[in-house]
Amino acid sequence: METFKIKDLSFTYPGRDRPALTHINLRIEYGEFVVVCGQTGCGKSTLLRNLKSILAPHGKREGEILFYDRPIESISHREQASRIGYVLQNPDNQIVTDKVWHELAFGLESLGYDTKVIRLRVAEMANFFGIQSWFMRDVSQLSGGQKQTLNLASVMAMQPDVLILDEPTAQLDPIAAADFLETVKRINREIGTTIIMIEHRLEDVFPMADRAVIMDKGKILIEDVPGRGGKVLAELNHPMLLAMPTPMQVYESLSKEKDIPLCGSPVTVREGRTWLTDMFSRRQLTNTKIDDPAEHMSSADPIIRLKDVWFRYSKDDVDVIKGLSMEASKGRLYCIVGGNGTGKTTALSVIGGINKPYRGKVLIKGESLEKQSKKHIADSLVILPQNPQTLFVEKTVSLDLMEILEQKGITPEEKQKRVEEIADLVEIRDLLESHPYDLSGGEQQRAALAKVLLAEPEILLLDEPTKGLDNYFKQRLARILKKLTENGVTIIMVSHDVEFCGKYGDVCAMFFDGNIVTTNTPKRFFSGNSFYTTAANRMSRHIFENAVTVEDVVNLCESNLNANDPGRESKRKAEQVKVQK
Amino acid sequence: MLRINNGAGGQIRPQSQKVRDLKDTFSTYHPVVNFAFFCAVIGFGMVFLHPVFLSLSLAGAFTYAIRLNGKRAVKFTLLFVFPMMLIAGAVNPLFNHRGVTILGYMGDNPLTLESIVYGIAIAIMFGTVILWFSCVNVVMTSDKLMYLLGRIFPSLSMIFAMVLRFVPKFKNQIKLISKSQKCIGRDVSDGTLRQRAEHGIKIISVMIGWALENSIDTADSMRSRGYGLPGRSSFANYRFDSRDRIALISLITLIFIVIAGGLAGENNIQYFPYIKTGEATLFSLFTYACYAALCLLPVFINVREAVVWKRLRSRI
C-alpha cells in the first residue's frame with residue numbers, strides 16, 4: 001500500500017508564470033526511505049510542503065495527492081497533525097516552548113491527550129532518542145544537533161506514519177549531521193515509519209535510502225535506486241552530478257572507458273574501493289602518484305605569524321588556544337580543519353584581533369597586532385563570521401552593501417559602481433533589492449561575502465563559509481576565492497568541509513585541542529591521514545599514493561588505463577594490489 | 001569494605017557536592033504544596049503581631065533561608081534585612097507617640113515604650129516577610145509558577161512558555177549580531193555616543209525583522225503539530241504523590257488550627273495605649289506549637305530526609 005500517491009501534480013505560485021512543479025507523478029510505498037535531491041530552486045521543498053495541507057503554500061494546484069488512497073484535502077487537520085510528521089531546516093525556529101520536556105509534549109497537548117498518556121509517550125521518546133540526560137533542561141542550553149533531535153523526537157511522539165524532513169541537517173556540523181541521519185535511519189528500520197527527506201549530504205544518506213528522487217526545474221529527472229541515478233546525470237552532463245557521492249562521480253566520469261567492470265555505480269567508499277581494486281587487478285599500474293602543484297609553489301613571505309599564542313576567555317576558564325604557532329603566506333588559501341570545540345573559531349578571532357592572547361604574539365605583516373589601532377586592523381583584515389545572517393543590518397541587500405562603504409569617503413556614484421561590481425562577482429545582482437533575511441542560506445552566504453569583500457581586505461578570515469551551500473555553489477565560492485588569492489589576498493578559512501579544503505586549499509592544517517597538529521599541502525596532508533580525509537582518498541589510498549579529489553582519482557585511473565597493454569610486470573603489481581585488498 | 005566505600009565516595013564527590021548545595025526536599029514537593037505553604041506563612045506573617053508568633057515565623061524564615069541559600073542568606077540578612085529592620089524600628093517611635101509609658105521627650109513629643117516595642121514588632125514582621133520572599137524566589141521557579149497559572153488559565157501558560165523561549169533566543173541573537181559586527185570592524189561598544197546610538201537602533205530594527213522572519217517557521221512548526229485544534233490539554237511534569245497528599249493535609253490542618261487559634265484570640269496583642277496579651281492557656285500553647293510546626297515545616301522535612309539518608313547509609 002502506498003503512503004503517498006502523487007498523480008500529475010502541478011503547482012504555480014501566485015503571480016508567477018512558470019510553474020514551480022510540473023506533472024509530478026510519484027508513489028511512495030509504506031515503510032520506504034526516499035531521499036529527494038536537486039539544486040536550490042528545483043521545487044523540492046514545494047513538493048514536500050504540498051504533502052501536508054496545513055503547510056502547503058498558496059497557489060494554483062492541479063492533480064491529486066492521495067494519502068492512503070484518500071485525497072489529502074479530505075483528511076482532517078487532527079489526523080494530518082498526528083499522522084504526517086514534518087521537520088524543517090532551522091533547528092532553532094521550530095522549538096516553541098522553553099523546556100525540553102514541554103517541547104516533547106507540545107504536539108500531544110494539541111491533540112488533547114491526558115497527562116498519563118503524554119507522560120508515557122514522552123518517556124518513550126526520551127528513551128529512544130537518548131534525551132534523558134537533558135530532559136529537564138532549558139532549550140536555550142542545547143547544541144544545534146540536540147535541538148534538531150528534539151524537533152524530531154517531538155514529532156515522533158505523535159507516532160506519525162510518515163516523516164517528512166526538509167534539509168534537516170543543513171545547519172549542523174558533520175558529526176551532528178551524521179548522528180541525526182543515523183537516528184532517522186533507525187526510525188525507518190526499527191519502527192517502519194515512511195521517510196521522505198530532502199538532503200544535500202548524499203554521501204551519508206544514499207547508502208540508507210531505498211530510492212532517490214532527483215529533481216530539476218520542477219520536474220522529476222530521475223527516480224531510481226540511489227546507485228543508478230548517476231548514469232543519467234553523467235549523460236546529461238548535469239550539475240547535480242557534482243552533488244553525488246564521490247565513488248559515483250568517479251565511476252560515472254570513467255564509465256566512458258569501455259574496459260571497466262560494469263556493476264551499477266558504487267555508492268559507499270567500501271563499494272568504490274572494491275570496484276577500483278577489481279578494475280586494476282588485471283592491469284599494470286604505471287602511475288600511482290599525481291603531480292602536486294602546491295609543492296612547487298615558491299614560498300612567499302608570511303603575512304600572518306602566530307608565535308606561541310595562548311588564550312582563554314576569562315581568568316578562571318580553561319585555555320582554549322594552547323601555544324598556537326602558525327604562518328600563512330601572502331596570496332594563499334590556508335585551510336584549518338578539525339572537530340567541534342577544538343578552538344578553531346577562537347583562533348580566528350585571535351588572529352582577527354577581536355580577542356587578545358594573554359601570552360605569545362600575533363604578527364600581521366611583521367607588526368605586532370597589539371600595537372596596531374583597531375581602525376588600522378579593520379582596514380586590512382576582515383572576518384566572515386559563521387552565521388552570515390548576523391552581518392546584515394539594513395532593509396535591502398544593496399543598502400547593506402552601501403553601508404560598509406560609508407566610511408570610505410567616496411562619491412555615491414562610485415559606491416553604486418562598486419556594489420554592482422561586487423554583486424556581479426558573487427552573482428547576487430538580481431537579489432540586490434530583496435531583504436537580506438528573505439534570501440536562502442546559500443544566497444545569504446554570498447551576500448555576506450560581498451559585504452566583507454567591499455571592505456577590500458588584504459587578509460580575509462572565513463569561518464565555515466561552505467555551511468549550507470550545495471556543491472554547485474561551493475564550486476562558485478572556490479572560483480571567487482581563487483580570484484582573490486590571485487590578486488594577492490591572503491585567506492584563512494576554518495571549516496569542517498574536508499572535501500572543499502582538499503580540493504581548493506593551498507595549505508591545510510589540522511586543529512586539535514587548541515593547537516595545530518600538522519600542516520601540509522592538501523595532497524600530502526590528506527594522503528597522510530587515514531580517517532580524517534576525503535572520500536576520494538579513502539577509496540583510492542590502497543592503489544594511489546596521493547589522490548585527494550575526484551579529479552585526481554579519475555586522472556590517475558585514466559592514465560593507468562591508457563597505458564600499454566598488461567604484461568608480466570602488471571600481473572605482479574596486480575598481485576600486490578590483491579594482497580593489499 | 002569501608003575503604004572501598006571511601007574510594008567510591010571520593011570519586012563521585014564533585015557531583016554529589018553540587019547536588020547537596022541545591023538540595024532542598026521541600027522544593028521537590030508538588031507546586032501546590034509549595035504555593036499553599038508560602039501563602040500561609042506570608043499571610044500569617046503579615047497579620048500576626050504577637051511576639052511569640054513573630055519570633056516563630058522569624059525563626060522559620062531564617063533557618064529555611066539559610067538552608068536554601070547558605071552563606072548568602074546570612075549575608076543578605078546582615079547587610080539588607082537587618083539594617084532595614086533597624087530603620088523601621090527606629091522610625092516608628094519618631095512619628096508614633098501613643099502609649100502610656102513615657103520614657104522621655106524629643107522636643108515636645110513623648111517617646112513611649114509602647115511605640116518602641118511596636119516598632120520592633122513591625123520591623124521583625126518586615127524582616128520575616130522579606131526572608132520568606134527570598135525563599136519563595138528559590139523554591140517557586142518559573143516552571144512551578146507557570147504550572148499553577150496554567151491550571152487557572154491554560155492559554156496564558158502557553159504564552160508564558162513561548163515568551164520564556166523567545167527572550168533568551170532574542171538575547172542570543174543580539175549577542176551574535178554584535179559579535180559579527182565586530183568582525184567587520186563595527187564595534188558597537190566603542191565610538192562616539194551618537195555612533196553607538198545609531199548602531200544600536202540599526203540592530204534593534206534588524207532584530208524586529210529577524211523575529212518576524214523566524215516566527216513564520218515557528219508558526220509552521222506549531223500548526224504542523226496540531227496547535228489550534230479544539231480540546232488542547234496541558235501536560236506537566238509534576239505528580240501529586242502520597243507524600244504530597246500527606247504534606248498538604250498536614251499543612252491544611254495546621255493552617256486551620258492556627259486560624260482557629262487566631263479567631264479565639266490567642267494571637268491577640270494590644271500595643272496601645274498599653275501592652276496587653278491574653279492569658280497563656282493550654283490551647284494557646286497548642287496554637288503556638290502548631291504555628292511553629294507550620295513555619296518550620298520545610299526545615300522539618302529536610303531534617304527528616306537527612307536523618308533517613310543517614311540511617312540508610314549506616315545500614316549499607
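Residues numbered from 1 in each chain as written. Chains lettered and ligands numbered in written order. Predicted model: local features only at pLDDT ≥ 70, side-chain atom pairs only at ≥ 80, totals over all residues. Heavy atoms only, no water.

Draft legend 1. Inspection of the overall build of chain A at higher detail. Check the secondary structure of chain A and you find 21 helices and 20 strands. Computed over C-alpha atoms, the radius of gyration of chain A comes to 26 Å, within 12% of the 25 Å expected from 2.2 N^0.38 for 581 residues, which places it in the range of a compact globule. In terms of its C-alpha atoms, chain A occupies a principal-axis envelope of roughly 70 × 70 × 50 Å. Partitioning the contacts of chain A with sequence separation of at least 6, the portion at a separation of at least 24 is 68%. For chain A, the distance from the average site of its 75 positive side-chain charges to the average site of its 80 negative ones is 3 Å. (Helix = DSSP H or I, 4+ residues; strand = E, 2+ residues; numbered from the N terminus. Rg over C-alpha atoms; globule rule 2.2 N^0.38 Å. Contact = heavy atoms within 4.5 Å. Lys, Arg positive; Asp, Glu negative; His and termini not counted. Charge placed at Lys NZ, Arg CZ, Asp CG, Glu CD.)

Draft legend 2. Representation of the sheet that holds strand β20 (residues 515–520) of chain A in the model. Residue and element names in this part refer to chain A. Read across the sheet, six strands follow the order β16-β17-β18-β13-β19-β20 without closing on themselves; strand pairing throughout is mixed. Single-partner strands in this sheet number two, and they are β16 (381–384) and β20. On average, each strand axis in the sheet is inclined to that of its neighbour by 20 degrees, with strand direction left out of account. Where β16 meets strand β17 (residues 459–463), four bridges bridge the pair, whose relative direction is parallel. Residue pairing in the sheet places I383 in a bridge with L461 of β17. Packing of helix α15 (residues 441–454) onto the sheet brings it into contact with β16 and β17, and relative to β16 it is tilted by some 170 degrees. In the packing of helix α16 (residues 471–486) onto the sheet, the strands contacted are β13 (333–337), β17 and β18 (490–495), and the crossing angle to β18 comes to about 145 degrees. (Pairing = 2+ DSSP bridges. Axes fitted to C-alpha atoms, helices over the stretch in contact; angles between N-to-C directions.)

Draft legend 3. Quick look at the side chain of A:Q444. Relative to the elements of secondary structure, A:Q444 occurs in helix α15. Ignoring any residue separated from it by four or fewer positions in sequence, one finds A:Q444 in contact with A:P388, A:Q389, A:F392, A:P436, A:Y437 and A:L439.

Draft legend 4. Spotlight on the side chain of A:T396. Along the chain, A:T396 turns up in the loop between β16 and α13 (397–405). If near-sequence neighbours (up to four positions away) are discounted, A:T396 is found in contact with A:L432, A:E433, A:S434, A:H435 and A:P436.

Draft legend 5. Region of interest: the nonpolar core. Residues and elements named next belong to chain A. One finds F129, I131, L152, L163, L165, F206 and M244 to be the most contacted residues of the largest nonpolar core, which totals 58 residues. In terms of residue count, the dominant contributor to this core is helix α6 (residues 174–191) (six residues). If near-sequence neighbours (up to four positions away) are discounted, F129 is found in contact with T149, L152, A153, M156, T183 and I187. Listed in part, the 56 residues of the second largest apolar core include A423, V426, A447 and A450. (Core = buried A, V, L, I, M, F, W, Y, C linked by side-chain atoms within 4.5 Å. Buried < 20%, exposed > 50% of the residue type's maximum accessible area, 1.4 Å probe, protein only.)

Draft legend 6. Main features of a nonpolar patch on the surface. Residues and elements named next belong to chain B. A contiguous nonpolar surface patch, about 710 Å² in accessible area, is contributed by I152, F153, L156, I159, F160, V163, F166 and V167. Looking at the nonpolar patch, the element that brings in the most residues is helix α7 (residues 154–183), giving six residues. By the secondary structure assignment, V167 is in helix α7. You can call V167 partly exposed: its relative accessible area is 41%. (Patch = residues over 30% accessible without salt bridge, like charges linked within 9 Å, V, L, I, M, F, W, Y side chains within 5 Å. Areas by Shrake-Rupley, 256 points an atom, 1.4 Å probe, with all protein chains shown as cover. Salt bridge = Lys/Arg side-chain N within 4 Å of Asp/Glu carboxyl O.)

Draft legend 7. Here's a closer look at the packing of aromatic side chains. By the definition in use, this model includes 31 aromatic pairs over all chains. Between B:F37 and B:F38, the ring centres sit 5.2 Å apart and the planes meet at 70 degrees, which makes this aromatic pair edge-to-face. The two residues B:F37 and B:F38 agree in class, both being buried. Each residue in the set B:F26, B:Y29, B:F37, B:F38, B:Y64 and B:W132 is aromatic and connected to the rest through ring pairs, giving one cluster. Sitting above the plane of the A:W310 ring, A:R359 keeps its charged end 5.0 Å from the centroid. Positioned above the aromatic ring of A:F473, the side-chain terminus of A:R446 is 4.2 Å from the ring centre. (Phe/Tyr/Trp six-rings, centres within 6.5 Å; stacked < 30°, edge-to-face > 60°. Lys NZ or Arg CZ within 6 Å of the ring centre and 35° of its normal.)

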